[in-house]
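The primary structure of each chain is shown beneath.
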Amino acid sequence: MDTPELPLFPLRTVLFPDGVLPLKVFEARYLDMIAGCLRERSRFGVVSLLRGGELHRADQAVDFAPIGVEAELIDVDSAQAGILLVRCRGGRRFEVGATRQQADGLWLATTTSLPADPVTAPGPESEPSVRTLEQAIQSIEAQDAAAFLPPYRYDDAGWVANRWCEILPLPVAVKHRLMALDDPLQRLHLIDEIVRDQAGVS
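Residues numbered from 1 in each chain as written. Predicted model: local features only at pLDDT ≥ 70, side-chain atom pairs only at ≥ 80, totals over all residues. Heavy atoms only, no water.

## Some details on the nonpolar core
So the rule is basically this: Throughout, nonpolar core names a set of buried Ala, Val, Leu, Ile, Met, Phe, Trp, Tyr and Cys residues whose side chains join them through atoms within 4.5 Å. Partly exposed residues are those whose accessible area sits between 20% and 50% of the maximum for their type, while under 20% is buried and over 50% is exposed, using a 1.4 Å probe and protein chains only. Put simply, DSSP marks the helices as runs of H or I at least four residues long and the strands as runs of E at least two long, and each gets a number from the N terminus on. Contacts: residue pairs with any heavy atoms within 4.5 Å of one another.
Leu23, Phe44 and Ile191 are the most contacted members of the largest nonpolar core, which has 44 residues in total. No other element matches the 6 residues that helix H3 (residues 157–167) contributes to this core. Apart from the residues lying within four places of it in its own chain, the contact partners of phenylalanine 44 are Leu6, Pro7, Phe9, Leu23, Met33, Ile34, Cys37, Val69, Glu70, Ala71, Leu73 and Cys88. Core analysis: the next-biggest nonpolar cluster, separate from the first, contains 8 residues, Leu8, Phe64, Val96 and Ala109 among them.

Next up, the structure:
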């Protein structure tokens, strides 16, 4: 289903559904965007930058990935004048349609919703990855209690795969390809292989 235009925030990162994204916002276009989202209780889209920089330059071409994730505001704090510290939750995935750029540099796009991951239990072969993820999250949260959002769905293959994608030091392009996969079991299978290679899980 196509939606009205969604403001976009192109970043050199990947937001996953149910993930947490902290942002330090200081550009006027994004300060206005956040203010609009607060006022209208609306969301914006996070898309991965393929070319160009995060800061607006009129002479710089920008290209971003064709699939993104909606961001819902959780916390917005004013650190100092002209700077907002924002924390967002990843929502639905979407496909970018027609785009246009405002005079202030803000990108807007029509979007088409993509199906949410079906809730599917991880297979027995993924048990080591599930167990190690639980240990990793416990260790991370001992240092930063705001890193993950409950409920923790270790019985959901898509949720497990997405949290591993956030934790592992993967290139942005790889994370985006994994996020864009429609089959959560396939995503988790690929993560299993990476976890075995990088984390020594067996």
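What follows continues from the structure just given.
## Remarks on the state of the cysteines
We count it as follows: Cysteine sulfur atoms are paired as a disulfide whenever they fall within 2.5 Å.
According to the stated counting rule, one finds 0 disulfides in the structure shown. Take cysteine 37: it sits in no disulfide, and the sulfur closest to it among the cysteines is that of cysteine 88, at 8.7 Å. With no disulfide of its own, cysteine 165 lies 19 Å from the sulfur of cysteine 88, the closest cysteine sulfur.

## Side note on the confidence of the model for the chain
Stated formally: Scored from 0 to 100, pLDDT records how confident the predictor is in each individual residue.
Chain-level pLDDT for the chain is 91 on average; 92% of the residues reach the 70-or-more range. Averaged over each element, pLDDT in the chain is lowest for strand S1 (residues 2–11) (86) and highest for H3 (97).

## Re the side chain of arginine 29
Rules: Polar contact is the term for a pair of N or O atoms within 3.5 Å; when the atoms are in protein, one must be able to donate a hydrogen and the other to accept it, and sequence-neighboring residues count only if both atoms are side-chain atoms.
Checked against the element boundaries, arginine 29 lands in helix H1 (residues 28–40). There is a polar contact of 2.8 Å between the side chain of arginine 29 and the backbone oxygen of glycine 105.

## Considering the pattern of salt bridges
Convention followed: One side-chain nitrogen of Lys or Arg within 4 Å of one carboxyl oxygen of Asp or Glu is enough to make a salt bridge.
Taken as a whole and assessed by the stated rule, the structure comprises 13 salt bridges. In this structure, the salt-bridge partner of arginine 92 is glutamate 70, at a minimum N-O distance of 2.8 Å. Of this pair, arginine 92 sits in strand S6 (residues 83–101) while glutamate 70 sits in strand S5 (residues 67–80), and the two are 22 residues apart along the sequence. The partner of aspartate 182 in a salt bridge is arginine 93, and the shortest N-O contact between them spans 2.8 Å. One end of the pair, aspartate 182, is in the loop between helix H4 (172–180) and helix H5 (184–199); the other, arginine 93, is in strand S6, with 89 residues separating them in the sequence.

## Some points on the packing of aromatic side chains
Under the convention used in this document: Classification of ring pairs rests on two measures: the distance between centres of Phe, Tyr or Trp rings, Trp counted by its six-membered ring, which must be within 6.5 Å, and the angle between planes, read as stacked under 30 degrees, edge-to-face over 60 and tilted in between.
Evaluated as defined, the whole model comprises 6 aromatic pairs. Judged by centre distance (6.0 Å) and plane angle (35°), the ring pair of tyrosine 152 and tryptophan 159 falls under tilted. Given the relative accessible area of 30%, tyrosine 152 is considered partly exposed. For tryptophan 159, a relative accessible area of 2% translates into the label buried. Here the aromatic residues Phe9, Tyr30 and Phe44 are joined through ring pairs into a cluster of three or more.

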